[in-house]
Each structure stands twice: as structure tokens, then as C-alpha cells.
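Fold and geometry: a report
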Amino acid sequence: MRTQVAIIGGGPSGLLLSQLLNRAGIETVVLERQSREHVLSRIRAGVLERGTVDMLKRAGVGARMAREGQPHHGCFLTHDQQMIRIDFTEACGAEVMVYGQTEVTRDLYAAQDEIGAKHIHGVANVALHDLDSAQPHVTYDLDGSTHRLDCDFIAGCDGFHGVSRKSIPDTVRREYEKVYPFGWLGVLSETPPLHEELIYANHPRGFALASMRNPMLSRYYIQVPLTDKVEDWSDAAFWSEFRARIPDETAAKLVTGPSIEKSIAPLRSFVSEPMRYGALFLCGDAAHIVPPTGAKGLNLAASDVHYLSEGLIAYYGDKDSAALEAYSQKALARVWQAMRFSWSVTTMMHHFPEHSDFDRQMQRVELMQLATDPVAQRLFATNYTGLPY
Ligand code: APR
Ligand code: PHB
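Treat the numbers as computed from the prediction; the structure is a model and nothing was measured.

1. Overview of the overall build of the protein chain
Looking only at helices and strands, the protein chain has 13 helices and 20 strands in total. Relative to a compact globule of 389 residues, whose C-alpha radius of gyration would be 21 Å, the protein chain shows 21 Å and is just as compact. Evaluated residue by residue, the protein chain yields a buried proportion of 53% over its 389 residues. A separation threshold of at least 6 residues defines the contact pool for the protein chain, and within that pool the share at least 24 residues apart is 71%. Element-wise, carbon and sulfur atoms account for 51% of the exposed surface of the protein chain, whose accessible area totals about 16600 Å².

2. Digging into the site of ligand 2
The full set close to ligand 2 counts 14 residues, and Tyr-200, Ser-211, Arg-213, Tyr-221 and Pro-292 are the nearest of them. Contact distances for ligand 2 include 2.7 Å between an oxygen atom and a side-chain N or O atom of Tyr-200. In this structure, an oxygen atom belonging to ligand 2 sits 2.8 Å away from a main-chain N or O atom of Pro-292. For ligand 2, the protein covers 100% of the area, taking 280 Å² as the surface of the free molecule. Only strand 15 (208–214) and strand 16 (217–224) provide two or more residues apiece to the shell around ligand 2.

3. Points about the nonpolar core
With 68 residues, the main nonpolar core has Leu-16, Leu-31, Leu-48, Ile-154 and Leu-308 as its most contacted residues. With eight residues, helix 9 (residues 297–318) is the largest single contributor of residues to this core. Counting 31 residues, the second-largest nonpolar core is a separate cluster that includes Phe-88, Ala-295, Met-348 and Phe-352.

4. A closer look at the packing of helix 3 (residues 50–58) against helix 9
In contact at an axis separation of 9 Å, helix 3 and helix 9 are set at 55 degrees when each is read in the N-to-C sense. When the axes of helix 3 and helix 9 are compared, the pair comes out oblique. The interaxial crossing formed by helix 3 with helix 9 has left-handed handedness. When helix 3 is examined against helix 9, the residues Thr-52, Met-55 and Arg-58 are found in contact with a partner set consisting of Asn-299, Ala-302, Val-305 and His-306.

5. A word on the domain arrangement of the protein chain
When its domains are assigned, the protein chain resolves into domain 1 (5–70 + 98–177 + 268–345) and domain 2 (179–267 + 351–385). The C-alpha centroid of domain 2 is placed 29 Å from the C-alpha centroid of domain 1. At the junction of the two partners, domain 1 supplies 23 residues and domain 2 supplies 18 residues. Buried area between domain 1 and domain 2, both sides added, is near 1700 Å², and the carbon and sulfur share of it is 61%. Counting the surface domain 1 buries against domain 2, the share from its top three residues, Ile-43, Arg-268 and Phe-341, is 29%. Summed over the shared surface of domain 1 and domain 2, the result is zero salt bridges. Applying the counting rule to domain 1 against domain 2 returns five residue pairs in polar contact (both at pLDDT 80 or more). Counting only elements with at least two residues in the side of domain 1 that touches domain 2, the list comes to strand 17 (259–273) and helix 11 (327–349).

Scoring rules and cut-offs
- Residues numbered from 1 in each chain as written.
- Chains lettered and ligands numbered in written order.
- Predicted model: local features only at pLDDT ≥ 70, side-chain atom pairs only at ≥ 80, totals over all residues.
- Heavy atoms only, no water.
- Helix = DSSP H or I, 4+ residues; strand = E, 2+ residues; numbered from the N terminus.
- Rg over C-alpha atoms; globule rule 2.2 N^0.38 Å.
- Buried < 20%, exposed > 50% of the residue type's maximum accessible area, 1.4 Å probe, protein only.
- Contact = heavy atoms within 4.5 Å.
- Areas by Shrake-Rupley, 256 points an atom, 1.4 Å probe, with all protein chains shown as cover.
- Near = heavy atom within 4 Å.
- Polar contact = N/O pair within 3.5 Å; in protein donor to acceptor, adjacent residues only side chain to side chain.
- Core = buried A, V, L, I, M, F, W, Y, C linked by side-chain atoms within 4.5 Å.
- Axes fitted to C-alpha atoms, helices over the stretch in contact; angles between N-to-C directions.
- Parallel < 35°, antiparallel > 145°, perpendicular 65-115°, else oblique.
- Left-handed = near helix turned anticlockwise from the far one by under 90°.
- Domains from an automatic or database assignment.
- Buried area = accessible area lost by both parts, 1.4 Å probe.
- Salt bridge = Lys/Arg side-chain N within 4 Å of Asp/Glu carboxyl O.

Next up, the structure:
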């Protein structure tokens, strides 16, 4: 089989890339290890930057998001009993859209079906070959036999555990990593959200976050030690700990209910450079991971796809490879900015076991400056709502 762009991974990066390329008349094949149902069962963050929203609209998948998504004009940061509101509109004239990543993925699959894009699910042993030659190709196993897919380019959209990044030789690849000494225990519950805006809480007992999916579906998180297991946390224990970490007046309004999903995710910052090797271009989690505190994971995947789709469209349309040549450098410049923001919000909001009283004072004064200084608010709001592409 032959195609123009082989896309490894059918998560949000791979699907959005496939959608934009197909709409521009470029042929793709998406190779995904899991079933579609499995991909759609993953629960991930739900805050979309304006640039991501615009891209989804351009890709023809904005209709349900426009109907069901909730534009948010601000969020809260709390310090013990104090609620600090960051007004995005006032601070930087932008806003975000709260719309779950699972719904984005569902909309992308539906749109891909409509235009007849090619997806192959259930592939195993995907391997990338001859990346530094004029004949790159991919092999994979399906239904008991090995298949070969020839292509011009390969987009590595296969997430942190995928095969693409590891296909770049060790001598070329450089990885940067920071692992945080805690995880987030997340709970999804069919209850009305605590507040109409997100609340990020810094508390001596640890970080907490109140988020939402829709008027009857809430998403909550608490920071937990990495040694904790989901089975250790009953719903009652979760609600009691969550309530203790947010200001009393707000906690009094919390509506609790049974959890319909509960999981623990570790927090990590990770970047792999370069994001291109020969015919291979990495996108999204395959190249970088952010801790969820800044809600940047999906948004960074979208900006990578933006740069790569522009490069490929210029290559096939105008025979101009300048944008493709610039891909790694352009994508990484934005990735590092989002890395810094996600790391700084994580550092400001969490309880670190190794922190001294001095470190905790540093967190307090940083939050106090955000409470009072329009310049600090503008910087936070500009990063949270998304730096320009
Ligand atoms: N072969 C084929 N497919 C693979 C392989 C492989 N060897 N390894 C992984 N995959 C698939 C996974 O099953 C998954 O569906 O690649 C897909 C990668 O999807 P994500 O992990 O969602 O990564 P990405 O599309 O870059 O999305 C980035 O989504 O995952 C979140 O937190 C992440 O918000 C971020 C955004
Ligand atoms: C979520 O709704 O799951 C969510 C929102 C904001 C974050 C992280 C997760 O920063």
C-alpha cells in the first residue's frame, strides 16, 4: 500500500492532522494500535485555547463544540481561604473553551468518517524504516500477517509510549525530563460543577482542582503521593479530602455523588528534541508531556499539528519545503514556552514534600502578586489562554 503521509496514532494529534491534510487533498493513512472504542474511553483534560478552537473550526469539527462547549472568561486560584480571580478577558482580551478532549476526539472520528479518511485499527508491531532515505516506509502486523505502507512522510502522533520517538537514533535525540513527587487522583461525577469557573487550589494539605464537563458532569482532582493506589480512596474519603483543600465558603456548596471514573496520573514535564528526523515528524505527546496544571497537553498537540499541516500543505501545493524545514524549531519554541508555564503553575500550586517554610512563602507571595498586580494577571492570562502560533 502507498500513501503520501503515514500517521502513526489515532489520538487527537493524529486525527486532527489527518483531517486537515485530507481537506487539503493530501492522502493519509492512520495506523492505530487500539480500537476506536478504547481511544474514546480515555478521559483527559478539557480546556481549549482560542487557537485550538479556531483550528477545530477550520478542520470542520467546530459545530458541536460551539453548541455544547462553555466559553470561560476567567478562573480562580485559591490560597488557603483566599479566592483570587484571574479575569482573562480583562487581563488579555482572550478566553478559553471548556469542552472535553474525549468529545473533541469523537467529533474528529465522525468528521473523518464523513470524508472517508483511511484508518486502520488494531495494528501491532508498528516499525518505521529508512527514515533518512527517499523511500521511508512503515511495517505493521494485522490479522496474522505483516503489511508494508510506503509513503513520503511519517507523522509520529503515537503519544508518550509510542514507537516513533524511539525510532530517532540516540545519537540525534536529546531528552529533557522532570518528574514531580506526586500524582493527581481524578474523579468524574454526575453532579453539578462546584462553580461556573475552574478553581485551582493551593492548600497546606495539597493541591486540588474543581473542573467540569457540562452542567451535570463534574471533574475533580486532588494531589496524592505517588505511592497511593486508587483502591485506597473511597468516594467518601475523596470528597472529604477535596472539601478540606478549598475555601470553606465554596466547599459548603459542593454537591457530592458516586464517582463514575477514578484514576491516578503521575505528573511529568518532558521534551524530546529534535521533533523531526528525516521523513519523520513528531507531534503531540510523542514529543512532549506537560503536567496537567496548565491544561496545555491537547493545546500543544494542536499547535504542532498546525505547524506540520501548514508545512505539508505548502510542500504538496507550492513545492515549497521551507515551512517543513522550520517545523522542529517552530514547534519547539512554543513547546518550551508552555513547558515553562505548566512547570511554574505546578510549582506555585502544589505541596512539595521537600519544600521548606521559605519555599511556601515564595508560593504565597507569587499568588499575592497575582491577586493584586495587573501585569502578573496579564502574564498568567496570556499563557493560560494560549500564546500565538
Ligand atoms: N502503534 C500505533 N498506535 C500507537 C502506538 C503504536 N506503537 N503507540 C501508541 N499508539 C496510539 C495510542 O493508542 C493513542 O491512541 O497513539 C495514540 C496517541 O494518542 P495520545 O496519547 O492521546 O497523544 P496525542 O494524540 O499526541 O494527544 C495529545 O492528548 O493524550 C492526550 O494528554 C495528552 O492532551 C494530550 C493530547
Ligand atoms: C480537566 O477538566 O480535566 C482539567 C482542567 C484543567 C486542568 C487540568 C484538567 O488544568
